[in-house]
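Observations on chain architecture
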Amino acid sequence: MTAIIQKLNIITNNWLEEQKYIPVVYTGVITLIMAFVLNVMVLASVSMLGWMPEILAKLSLVASILISFVMIPSVLYRKYLHFDARIDVNPKTLAVFAVLFLALLSQAEITMVLHFLAIAIGEEFLFREFHLKYLEKEIGWIPAVLITSILFSFLLHLNESFASNLLVRLPLGLLFAGIRWKLGLGWAVASHWLYNLFVTII
């Protein structure tokens, strides 16, 4: 046990000396900004339910998620951290998503399918594309996977219990990072999308 504590002290001291904690702080701040903007936009979308058709209000909720999780972090990374994560979508991936989308419509209503697709796209782009690529460049792959999984579990899902974040969302964050690494971002999005729908429908 003493050897483990000494090793952790060495790693911590190296991180402090090399200021490797700074990129972690940046990703945490971007996550908090995104969460704040998302909450404001969700409140705006919910307030529209009274005077706008329900389908439009729900679609505005989907748009809020994509703006908060994808567009805003992309701008923040490019402008302030001089880091440009390219978002590549190929026709094969789009075809798979189209087939999956049509198959899921037989199990759930369209707004639910779109809502969970937006969440999956947003969270995977933020944590397994922007944050992960940036931190991998700054501090290495394994610390990047661990930190993005911790941010995903405990900071993004701050309103959930510590136990459910530790036992469910942290392993999911690690799993989605592994899928993203081995198979690509599209598969991580699809896995996240199916998981969210599965736990909601069941």
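Here goes a summary of the coordinates provided. Since we're looking at a predicted model, the values are computed, not measured.

Remarks on the nonpolar core
Burial of nonpolar side chains together is a common tendency in soluble globular proteins. Counting 43 residues, the largest nonpolar core has Phe 69, Tyr 77 and Trp 193 as the members making the most contacts within it. Among the secondary structure elements, those contributing two or more residues to this core are α2 (21-47), α3 (54-80), α4 (91-104), α5 (110-139), α6 (141-156) and α8 (185-201). Excluding anything up to four places from it in sequence, Phe 69 contacts Met 34, Leu 38, Gly 122, Glu 123, Leu 126, Phe 130 and Leu 156.

With respect to the packing of aromatic side chains
One pass over the structure, following the stated rule, counts nine aromatic pairs. With 6.0 Å between their ring centres and 25 degrees between their planes, Tyr 77 and Phe 130 make a pair best called stacked. Of this pair, Tyr 77 sits in helix α3 while Phe 130 sits in helix α5, and the two are 53 residues apart along the sequence. Both residues of the pair, Tyr 77 and Phe 130, count as buried. Ring centres of Phe 97 and Trp 193 lie 5.7 Å apart, and the angle between their planes is 5 degrees; on these two criteria the pair is classed as stacked.

The rules behind these values
Residues numbered from 1 in each chain as written. Predicted model: local features only at pLDDT ≥ 70, side-chain atom pairs only at ≥ 80, totals over all residues. Heavy atoms only, no water. Core = buried A, V, L, I, M, F, W, Y, C linked by side-chain atoms within 4.5 Å. Buried < 20%, exposed > 50% of the residue type's maximum accessible area, 1.4 Å probe, protein only. Helix = DSSP H or I, 4+ residues; strand = E, 2+ residues; numbered from the N terminus. Contact = heavy atoms within 4.5 Å. Phe/Tyr/Trp six-rings, centres within 6.5 Å; stacked < 30°, edge-to-face > 60°.

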